[in-house]
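What follows is the residue order along each chain.
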2 protein chains.
Amino acid sequence: MSTITASEIKFIRSLGEKKYRTQTGLFIVEGEKLVAEAMASGFTVQRVYRMDEIGEDVMKRITLLSSPSPALAVVEQRKDTPETDFEALSIALDGIRDPGNLGTILRIADWFGIDTVFCSPGTVELYNPKVVQATMGAIFREKVVYRDLREVCEMFASRGKRIWGTFLEGSDIYSEALSDSGLVVMGSEADGISAEVGSCVSDRITIPSFASGQGSESLNVAVATAITLSEFKRRLL
Amino acid sequence: MSTITASEIKFIRSLGEKKYRTQTGLFIVEGEKLVAEAMASGFTVQRVYRMDEIGEDVMKRITLLSSPSPALAVVEQRKDTPETDFEALSIALDGIRDPGNLGTILRIADWFGIDTVFCSPGTVELYNPKVVQATMGAIFREKVVYRDLREVCEMFASRGKRIWGTFLEGSDIYSEALSDSGLVVMGSEADGISAEVGSCVSDRITIPSFASGQGSESLNVAVATAITLSEFKRRLL
């Protein structure tokens, strides 16, 4: 067994808190597959702890998951501001609070070939362990930029790009003219798109319900993102 | 404050366990909105407990949620076997284990006007509190039938209906001919569609990835269900 000091254990555990992640610029990745993806990515992996080296008891003490996995890595947060390809389709998230939703949306964006995901400052932190795990590795491939979304919209608008916003009422996404570049804005779980960001939207779109009578009032935001991106992307085929 | 006995508290808490739900044929619904939907539905509500009547302390003792809500109802499970409309589109879930996924799928089915959802016996129990909450009320509108999926497929096949199965490899869903009746089978999170059920599938379909390089390997099953139903339903427009 390789040794691990008490202060090292304490340090790793502290990375479960946003305050310490921000202070150190580090985050935790857990799971054999996810750790391997971190190491193969452009991210800098500071150290990897393996259960067969440090033992199950120590792994149980440092894990942020409900049950320990075979590997845990301490990884450096990405500090560069990635460039945006304005000729591609990007998405913007306005105040997504649930870590599982953010992680799932990154996984969906990755699937649909969306490179850049803008997040409002009120969106849950990217390096929250629940976000990291829910991305299933997409966190290592997506460019995620936290920035005031009015500024982001302005960047797209100044280049003549359309800014779609998804609302409970708007043009039917299935018949609306879509395109292969621009910005798609998704609103928060509770409040949808904020008034300030909504005023920057050029095209209000909606996913119509097919329920015959009284149906569900809304879709989960990750689910709505998936349907929206599916519809944008299939049009290119 | 109305009174509530210690044995009543114990009884309600016991409904957090599948064993007692099955024994009693009851389940728990929490939240002002969900309780109101239960009462307006065809389900029989045995009793409603309100925080302003029994007090916050008691509510904290009976809630199955992390924080108590203003209302909790004890509701009777549906015992009838609903009829299937073979001229409509139905879905079948083969071994979905995650309660959040099952609940989200029912919400999606409700949105897309799917009346009947078949579940393999290995699918998580419908009345699991996490399923109930995740449906956001769709549990009161959807017909959910637990049954061997090979029998279900046979029912559709004998009526000349197609049985689509979603796989990581298959015909591109965006170009495949779809129809407004038949059965769409979704596989489990870990294993996809089982070999036995897969052999009953007439059309293997897949949602293609649009990632340019190495992208995510799969989509969450609720997300895949949403994209699939969106594609089936938009064709009717």
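The rules we used
- Residues numbered from 1 in each chain as written.
- Chains lettered and ligands numbered in written order.
- Predicted model: local features only at pLDDT ≥ 70, side-chain atom pairs only at ≥ 80, totals over all residues.
- Axes fitted to C-alpha atoms, helices over the stretch in contact; angles between N-to-C directions.
- Helix = DSSP H or I, 4+ residues; strand = E, 2+ residues; numbered from the N terminus.
- Parallel < 35°, antiparallel > 145°, perpendicular 65-115°, else oblique.
- Left-handed = near helix turned anticlockwise from the far one by under 90°.
- Contact = placed C-beta atoms within 7 Å.
- Nonpolar A, V, L, I, M, F, W, Y, C, P; charged D, E, K, R; others polar.
- Pairing = 2+ DSSP bridges.
- Domains from an automatic or database assignment.
- Least-squares fit on C-alpha atoms with pLDDT ≥ 70 in both.
- Buried ≥ 20, exposed ≤ 12 C-beta atoms within 10 Å, placed from the backbone.

A. The arrangement of the packing of helix α10 (residues 221–234) of chain A against helix α10 (residues 221–234) of chain B in detail. At a minimum axis separation of 9 Å, α10 of chain A and α10 of chain B run at an interaxial angle of 45°. Between α10 of chain A and α10 of chain B, the interaxial angle falls into the category oblique. Judged by the sense of rotation from one axis to the other, the crossing of α10 of chain A with α10 of chain B is right-handed. Contact residues: Ala222, Val223, Ala226, Ile227 and Ser230 of chain A in α10 of chain A; Ala222, Val223, Ala226, Ile227 and Ser230 of chain B in α10 of chain B. By residue class, the composition of the contact of α10 of chain A with α10 of chain B is 8 nonpolar, 2 polar and no charged.

B. Representation of the sheet that holds strand β6 (residues 143–146) of chain B in the model. Residues and elements named next belong to chain B. The strand order across the open sheet formed by 6 strands is β6-β5-β4-β8-β7-β9, and the pairing between neighbours is parallel. Of all the strands in the sheet, just β6 and β9 (203–206) have a single pairing partner and so form its edges. Recorded for the sheet is a direction-independent mean angle of 35° between the axes of neighbouring strands. Inspection of the sheet shows strand β7 (residues 163–172) paired to β9 by 5 bridges, in the parallel sense. Along β9, the bridge assignment pairs tryptophan 164 with aspartate 203. Here α10 sits on the sheet in contact with β4 (89–94), β7 and β8 (182–187), set at roughly 155° to β8.

C. Main features of the domain arrangement of chain A. Residue and element names in this part refer to chain A. Each assigned domain of chain A is listed with its residue range as follows: domain 1 (6–76) and domain 2 (89–234). Centre-to-centre, using C-alpha coordinates, domain 1 lies 30 Å away from domain 2. On the side of domain 2, 8 residues touch domain 1, which itself brings 13 residues to the contact. Broken down by secondary-structure element, the contributors of at least two residues to the side of domain 1 that touches domain 2 are α2 (18–24), β1 (26–30) and α3 (32–40). Residue classes in the side of domain 1 that touches domain 2 are distributed as 7 nonpolar, 2 polar and 4 charged.

D. Representation of the interface of chain A and chain B in the model. The interface is formed by 28 residues belonging to chain A together with 28 residues belonging to chain B. Listing elements by their share of the side of chain A that touches chain B, those giving two or more residues are α6 (99–111) and α10 of chain A. The element best represented in the side of chain A that touches chain B is α10 of chain A, accounting for 7 residues. Grouping the constituent residues of the side of chain A that touches chain B by class yields 14 nonpolar, 9 polar and 5 charged.

E. Local environment of the relation of the copies chain A and chain B. Overlaying chain A with chain B gives an RMSD of 0.0 Å, the required rotation being 180° about an axis along which the chain moves by 0.0 Å. Viewed as a symmetry operation, the transformation between the two copies matches a two-fold axis. Interface residue correspondence from chain A to chain B reaches 100%, placing this contact among same-surface, isologous pairings.

F. Structural detail: the pairing of β4 of chain B. Residue and element names in this part refer to chain B. Burial within β4 is extensive, with 6 of its 6 residues counted as buried. Residue alternation in β4 divides its side chains into two sets, Leu89, Ile91 and Leu93 and Ser90, Ala92 and Asp94, and both sets are buried. Where β4 lies against β8, 6 bridges are found, and the strand directions are parallel. Each residue of the ladder has a partner; that of serine 90, found in β8, is leucine 183. Across 3 bridges, the pairing between β4 and strand β5 (residues 116–119) is parallel.

G. Quick peek at the environment of phenylalanine 27 of chain B. Residue and element names in this part refer to chain B. Tracing the chain through its elements places phenylalanine 27 in strand β1 (residues 26–30). Under the C-beta neighbour-count criterion, phenylalanine 27 is labelled buried, with 27 such atoms within 10 Å. Taking C-alpha positions, phenylalanine 27 is 17 Å from threonine 123, a pair spaced 96 residues apart along the chain. Filtering out sequence-adjacent residues up to four positions away, phenylalanine 27 remains in contact with Leu15, Arg21, Val75, Gln77, Tyr127 and Val132.

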